[in-house]
Structure formats: C-alpha cells, structure tokens
Amino acid sequence: MRLVLHTAACWLLLTVRDAIPSRQPLAIAQFTTLRMRLIKIAARITEIATRVRIAFAAACPEPDLFSGLVRSVLPARP
C-alpha cells in the first residue's frame, strides 16, 4: 500500500511540475523544493456547494504561480 501511495504522490508532483510555466524557476525544481514551496503552505479552505475557496496568507511567496497552476489544472468549462 505504501508503494501505491508513494507512486501516486510522485505522479501528482510530476503533474504539478509539468503545469508550471517554463519561465518559472520551479518548472525544473526537484520534488523536495516543490514540496517546501508549494505544498507546505498554510491556507484556509472553505467549501461551498458549488466551489472551493482557498485563502492564502498575505505573505504567500508565489501568489501568481498558485493562481496559474489552478487555472491550468482545472478542466475547461462547457
């Protein structure tokens, strides 16, 4: 089971890294760097019936990168 979870985590990080624009320095970053700069960030998550809101702190290190990642991972609207 651990191997399956580790494989899924690696696949998820590869997908996130591929979604980062090539002009960003994180586009070629290692997994530990991605984990420290993208995943281990405090945020407040509010779930509503039709959407999920994520509120980052005012001192979020990469706010433009986060919004771009979310737009590139979401499916296209009909």
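Our subject in this report is the structure included herewith. In this text, all values refer to a predicted model and were calculated from it rather than measured experimentally.

1. A closer look at the overall build of the protein
Tallying secondary structure elements over the protein gives 3 helices and 2 strands in all. When the helices and strands of the protein are read in sequence order from the N terminus, they spell out α-α-β-β-α. Across its three principal axes, the protein shows a C-alpha extent of roughly 35 × 30 × 30 Å. Considering only residue pairs separated by 6 or more positions, the protein has 32% of its internal contacts joining residues 24 or more positions apart. Working note: accessible area of the protein is about 6800 Å², and carbon and sulfur atoms make up 61% of it. One finds the centroid of the 11 positive side-chain charges in the protein at a distance of 4 Å from the centroid of its 4 negative side-chain charges.

2. Some thoughts on the pairing of strand β2 (residues 52-56)
As paired strands, strand β1 (residues 43-47) and β2 are joined by 5 bridges and run antiparallel to one another. Paired with Thr46 across the strands is Arg53, a residue of β2. Counting the residues between successive antiparallel strands, the hairpin from β1 to β2 contains 4 residues.

3. What about a nonpolar patch on the surface?
Together, Ile45, Val52, Ile54 and Phe56 give the surface a local cluster of nonpolar side chains, amounting to about 390 Å² of exposed area. The element best represented in the nonpolar patch is β2, accounting for 3 residues. Turning to its location among the elements, Phe56 is positioned in strand β2. Phe56 sits in the partly exposed class, given a relative accessible area of 34%.

Each value, and the rule that gives it
Residues numbered from 1 in each chain as written. Predicted model: local features only at pLDDT ≥ 70, side-chain atom pairs only at ≥ 80, totals over all residues. Heavy atoms only, no water. Helix = DSSP H or I, 4+ residues; strand = E, 2+ residues; numbered from the N terminus. Contact = heavy atoms within 4.5 Å. Areas by Shrake-Rupley, 256 points an atom, 1.4 Å probe, with all protein chains shown as cover. Lys, Arg positive; Asp, Glu negative; His and termini not counted. Charge placed at Lys NZ, Arg CZ, Asp CG, Glu CD. Pairing = 2+ DSSP bridges. Patch = residues over 30% accessible without salt bridge, like charges linked within 9 Å, V, L, I, M, F, W, Y side chains within 5 Å. Salt bridge = Lys/Arg side-chain N within 4 Å of Asp/Glu carboxyl O. Buried < 20%, exposed > 50% of the residue type's maximum accessible area, 1.4 Å probe, protein only.

By themselves, these observations are geometric and do not establish any function.
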